[in-house]
Amino acid sequence: PDRRFCAFLPLGGGNAGIMGGLRRSRPRVLALLQTAGVLLISSVRDATAQPCPNLCNAHGQCSDPDGVCDCYEGWTGADCSLMICPYGPAWADKAVSVDTAHQDMECSNRGLCNRGTGVCSCEDDRFEGAACERKSCSSDCLTVGRCLSMEYYASQKDPGEGTVYTYEDIWDAEMMYGCVCDDGYFGPDCSLRECPSGDDPLTGTTSDTYNGVQYNEKQVITCTASGGTFTLAFRGETTDNIPYDATADEVLDYFEELSTVTNDFYTAVDVDFDDDAACSVSGNKFTIEFLQDFGNLPLIVADSSNLKMSIATSSAKMTIATTTDGSKEDHDCSDRGICDYTTGICSCSTGYDTSDGYGNEGQRGDCGYATASVTACPGETSCTGHGTCEGTPTYACQCSNGYTGADCSLYTCPYGNSWFSLPTDDEESHLTTGKAECADMGLCDRTTGACSCMDGFEGAACDTMSCPGDPACNDHGDCLSMSALAEAATSNGDALDLTYGATPNDPDTWDFEMIQGCDCDDGYFGYDCSLMSCPYGDDPMTKYQFNEVHEITCETDDDDDGYFTLTFREETTASISVSAGADDVEAALEALDSITYVDVYFDAGLKDDDATGTVCSSSETTFYVEFKYPTDDVPLMTYAASGPTISIKEYQAGTKEYIECSGRGLCDYTTGLCSCFTGYGASDGQGSEGLLDNCGYVLPIAGTD
């Protein structure tokens, strides 16, 4: 702000000589007056005479008579010169009531607003979207996966896998995104390659008393129709339209065209018809046995909407049921080798090689073929010393806790609640029922058992979202979990005593310990505490407003050794003696960081502090505390007393503003300094000149006598 003062010479009275000089040298004097700043006087006068700062820059309406801008939508600032950025549910914030958080905030509280453009600058590589309302997918899924929201991912579940649960109403449904990898890839960023999987060649035989005989999956389909077509879907992929009267070979051909059934080297399924055609008026049955996909498989899903029925009293339909659950293993490298997840190639244990899926030599690449008689468990030492060998006939390792792999040579990593997975029930996810290694947000180092977390996540199991800033919160705040942020929540400076996530496994507060945010130190704000606050104050142009005044009564009960303390906005004074005067109370209050100026007096009308009076007496004394800075409607003070009887009530509510740069300037958030509009300067908090650089003082146009 331009705080230069200009003087001008009054014309008249005792200045007749000066006037004469002016008349004799008018041209020269005018030039001197201009040099001295008369034009500046004019500009200051014009600026303060404007109805509103900078006439609201044509982005708002001017409110008379106080000269306050009411900005149009999308604009902000005391002169409506700044743009507002898009809002979205906050990734992290302080609860506003018990278990209620994630209120709408600018840039979703994960980015900074560019006031010149109205565009959010989101936390790099972690969040995106107009309001930073979407979590970025790690490395964009390396182009071998799709980046989907939790809501959409839930809707895409294969019905054959079970109930398709919705995830639409929880706060992160359209915010939390993750990678859904293409076939052959997996991991939070789709960077890992799947190895061929298959059946363990030594289990499931008649001599295997531990596992018992194992079987392929069989599903029976009943089709009742006299015309039309149907489709069959497996693992989310659907066949072309199949005629109602298709033969077994035709159904086989249609089904094997699906990429989700394994038929790279061998026939994927066997189709067995009870009749000549797939469908009939009375209902035909046919069985599909999976020959190369092992384990307990998802149900085939049929679409019969295009089938027709010639009998008016009946309708076309299809039903599917599992007649034999697949009980064979479907493990990486058939549990007889180690998968290299960087290449997707199995390294088979000694004595094993690629199979045909049935214990014979083949081309699957799955280590499911025993090349010789097996008499020991895998490993240089049995199960690498990290497990127990089952012995004959399976010679399979049962690994100790913390180890995995066919020979127990690999470490497992810590498990945590999954960040991105299918819901376990309607509107339920991220709970303890859905734990995953590295919380589905990290890669497990099998040589150390340590998770390598994706950017923006931390913790042994990658189950905590990191705070922004480097270091966290830029060393200007505390990095707190959502539950801790709730405990730190205040209203008008007083603690709210709130909780968030205190009820275990509540789907609405799943993030109570998983998501963190910054609780900034005084003088800093922003999602990463990188911005500096400017001084606040009362708008000097608004009139007929009052300071907050608290009325306090104190009775000693004849105990002259008593004392008390006063608490304001979570700060408590030093002990105040019952024999203290008004000045002592004033000094004790102004020693608090939350109070700059107060007046303490005994007469609310005269506002007289009576230097000889004490704030307590045996007959009860009433005194008043008037808040000069901060202004506004401040919270009621509380007290603690040892001896005296104290009461506090609001005598007069504060109606003055307490706003950034007093509404007469703009804040530079890089320095925390107000840039005052022309004609305004530092105040004392009450509209007079002072040391508070808050633009709360109307600069005078000085004169000389």
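For the structure itself, consult the block above.
What comes next concerns the included structure.

Conventions adopted
Residues numbered from 1 in each chain as written. Predicted model: local features only at pLDDT ≥ 70, side-chain atom pairs only at ≥ 80, totals over all residues. Heavy atoms only, no water. Helix = DSSP H or I, 4+ residues; strand = E, 2+ residues; numbered from the N terminus. Rg over C-alpha atoms; globule rule 2.2 N^0.38 Å. Buried < 20%, exposed > 50% of the residue type's maximum accessible area, 1.4 Å probe, protein only. Contact = heavy atoms within 4.5 Å. Lys, Arg positive; Asp, Glu negative; His and termini not counted. Charge placed at Lys NZ, Arg CZ, Asp CG, Glu CD. Core = buried A, V, L, I, M, F, W, Y, C linked by side-chain atoms within 4.5 Å. Salt bridge = Lys/Arg side-chain N within 4 Å of Asp/Glu carboxyl O. Pairing = 2+ DSSP bridges. Axes fitted to C-alpha atoms, helices over the stretch in contact; angles between N-to-C directions. Patch = residues over 30% accessible without salt bridge, like charges linked within 9 Å, V, L, I, M, F, W, Y side chains within 5 Å. Areas by Shrake-Rupley, 256 points an atom, 1.4 Å probe, with all protein chains shown as cover. Disulfide = S-S within 2.5 Å. Arc of directions from axis to C-beta.

### Brief notes about the overall build of the protein chain
And step 1. In terms of regular secondary structure, the protein chain is built from seven helices and 59 strands.
And step 2. Taken over C-alpha atoms, the radius of gyration comes to 39 Å for the protein chain, far larger than the 27 Å a tight globule of 705 residues would show.
And step 3. In terms of overall dimensions, the protein chain has a C-alpha envelope of 125 × 70 × 60 Å along the principal axes.
And step 4. For the protein chain, the proportion of its 705 residues judged to be buried stands at 44%.
And step 5. Partitioning the contacts of the protein chain with sequence separation of at least 6, the portion at a separation of at least 24 is 61%.
And step 6. The average position of the 33 basic charges and that of the 120 acidic charges among the side chains of the protein chain differ by 11 Å.

### Some remarks on the nonpolar core
And step 1. One finds W91, W171, W419, M465, W510 and I515 to be the most contacted residues of the largest nonpolar core, which totals 43 residues.
And step 2. Once residues lying within four places of it in the same chain are set aside, the contact partners of W510 are Y167, I170, W171, D172, M176, W419, S429, H430, L431 and I515.
And step 3. Counting 28 residues, the second-largest nonpolar core is a separate cluster that includes I221, F234, V269 and A278.

### A closer look at the pattern of salt bridges
And step 1. Overall, the coordinates contain 15 salt bridges when judged by the stated rule.
And step 2. Of the charged contacts in the structure, one is a salt bridge between E123 and R126, with a shortest N-O distance of 2.6 Å. Across this residue pair, the class does not change: E123 and R126 are buried.
And step 3. A salt bridge links D293 to R235; the shortest N-O distance between them is 3.5 Å.

### Observations regarding the sheet that holds strand 21 (residues 284–290)
And step 1. The four strands are arranged 20-21-16-24 in an open sheet whose pairing can be described as antiparallel. In this open sheet, the two edge strands, each paired with only one partner strand, are strand 20 (269–273) and strand 24 (317–324). This sheet shows a mean twist of 20 degrees between the axes of neighbouring strands, independent of strand direction.
And step 2. Note: strand 16 (residues 218–224) against strand 21, six bridges, orientation antiparallel. Note that in strand 21 the partner of V220 across the bridge is T287.
And step 3. Docked against the sheet, helix 5 (residues 248–256) engages strand 20 and strand 21, running at close to 150 degrees with respect to strand 20.

### Quick notes on the pairing of strand 1 (residues 60–63)
And step 1. Both strand 1 and strand 2 (residues 68–71) contribute to a ladder of four bridges, which runs antiparallel. Within strand 2, the position partnered with G60 by the bridge is C71.
And step 2. In this antiparallel pair of consecutive strands, strand 1 and strand 2, the connection spans four residues, and G67 shows a positive phi of 70 degrees.

### Quick notes on a negative patch on the surface
And step 1. On the surface, E168, D169, E174, D425, D426 and D508 cluster together into a patch of negative charge.
And step 2. Relative to the elements of secondary structure, D425 occurs in the loop between strand 34 (415–417) and strand 35 (435–437).

### Some thoughts on the pairing of strand 43 (residues 516–520)
And step 1. Extensive coverage of strand 43 is indicated by the burial of four of its five residues.
And step 2. Summarising the sheet, strand 40 (residues 477–481) and strand 43 pair through five bridges and their orientation is antiparallel. Residue pairing for strand 43: S481 is matched across the bridge by Q516.

### Re the side chain of T231
And step 1. Turning to its location among the elements, T231 is positioned in strand 17 (residues 227–234).
And step 2. Overall, T231 belongs to the buried group, its relative accessible area being 10%.
And step 3. Aside from chain neighbours lying at most four places away, what touches T231 is T238, T239, D240, N241, V301, A302 and D303.

### Thoughts on the state of the cysteines
And step 1. Scanning all chains against the criterion turns up 26 disulfides.
And step 2. One disulfide in the model links C52 with C62; its S-S distance is 2.0 Å. Its S-S torsion of approximately 90 degrees makes the covalent link between C52 and C62 right-handed. Placement of the pair is C52 in the loop between helix 3 (38–49) and strand 1 and C62 in strand 1, with a sequence separation of ten residues.
And step 3. Residue class for C52 comes out buried when judged on its relative accessible area of 2%.
And step 4. On the basis of relative accessible area, C62 is assigned to the partly exposed category, the value being 32%.
And step 5. In this model, C71 is linked to C80 through a disulfide, with the two sulfur atoms separated by 2.1 Å.

### Focus on helix 7 (residues 582–590)
And step 1. Taken together, the buried positions of helix 7 are A582, V585, E586, A588 and L589. In a view along the axis of helix 7, the buried residues occupy a sector of 165 degrees, so they form one face of it.
And step 2. Against the buried residues of helix 7 lie strand 48 (563–568), strand 50 (576–577), strand 51 (597–601) and strand 52 (621–629).

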